[in-house]
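# Report on the structure
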Amino acid sequence: MKEKENCLKNRLFMNKKGFISSMFLVVFMYICTWTAAIAACCSYQLSAAMNMSQDKKYSAQENAVLSHIKCMLIGNSLEEGIYESGNIAYSLTIVENELHAEVLSGLPQEIVIEYSNEKKQIYEYDTVRINVFDS
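This report concerns the structure included in the present document.

On to the pairing of strand β3 (residues 98–103), then. Residues Leu99, Ala101 and Val103 of β3 are buried on one face, while the alternating residues Glu98, His100 and Glu102, pointing to the opposite face, are not. The pairing of strand β2 (residues 88–95) with β3 spans 6 bridges and is classified as antiparallel. Paired with Thr93 across the two strands is His100, which belongs to β3. Between β2 and the antiparallel strand that follows it, β3, lie 2 residues; Glu96 among them carries a positive phi value of about 50 degrees. Judged from the 5 bridges that link them, β3 and strand β4 (residues 109–116) form a sheet pairing that is antiparallel. If you follow Leu99 over to β4, its bridge partner there is Ile113.

Turning our eyes to something else, we now look at unusual backbone geometry. Backbone geometry at Glu96 places phi at a positive 50 degrees, although glycine is not the residue there. Of note, Glu96 is situated in the loop between β2 and β3. With a phi close to 55 degrees, Lys120 is a non-glycine residue in the positive phi region. You can see Lys120 is positioned in the loop between β4 and β5 (121–129).

Bringing the pattern of salt bridges into the picture now. Under the counting rule described, the total for this entry stands at 2 salt bridges. Taking the shortest distance from any N to any O, the salt bridge between Asp55 and Arg129 comes out at 2.4 Å. On the criterion of sequence distance, the pair formed by Asp55 in helix α1 (residues 2–74) and Arg129 in strand β5 is long-range, its members being 74 residues apart. By relative accessible area, Asp55 is classed as partly exposed at 35%. Here Arg129 ties to Glu62 by a salt bridge, and the two come within 2.9 Å at their closest N and O atoms. Residue Arg129 is located in strand β5, and its partner Glu62 is located in helix α1; the two are separated by 67 residues in the primary sequence. Ionic contacts of the salt-bridge type, sharing partners, join the residues Asp55, Glu62 and Arg129 into one network.

The rules behind the values
- Residues numbered from 1 in each chain as written.
- Predicted model: local features only at pLDDT ≥ 70, side-chain atom pairs only at ≥ 80, totals over all residues.
- Heavy atoms only, no water.
- Buried < 20%, exposed > 50% of the residue type's maximum accessible area, 1.4 Å probe, protein only.
- Helix = DSSP H or I, 4+ residues; strand = E, 2+ residues; numbered from the N terminus.
- Pairing = 2+ DSSP bridges.
- Salt bridge = Lys/Arg side-chain N within 4 Å of Asp/Glu carboxyl O.

As structure tokens, then:
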């Protein structure tokens, strides 16, 4: 009888020990899952913020080049060559009713501009941004 009681006690103890370790494992996995989800969310937010910062830099360059070209277009001084607007240097090439501006300093990009010399107006522009990854 005593052996049976000891066996039952050991069985109960083993089950209890297994229950505690299973509970610990469930809680640990739950915490790990939430931590991974929060880390992934923060990573995506950081990536989005970096992309927006890069886009803002490209847009500032485009605005500087376009405003300089608009001033030259209005003042009838639009010619091919290398120009500087602020701290941005760019080369300008004229092909029929299109201007090709290639940014030489700052972030590399090319801007293709459709314009009318008679109306002194820019109709449309398209940019080709060249991504440079830091290593």
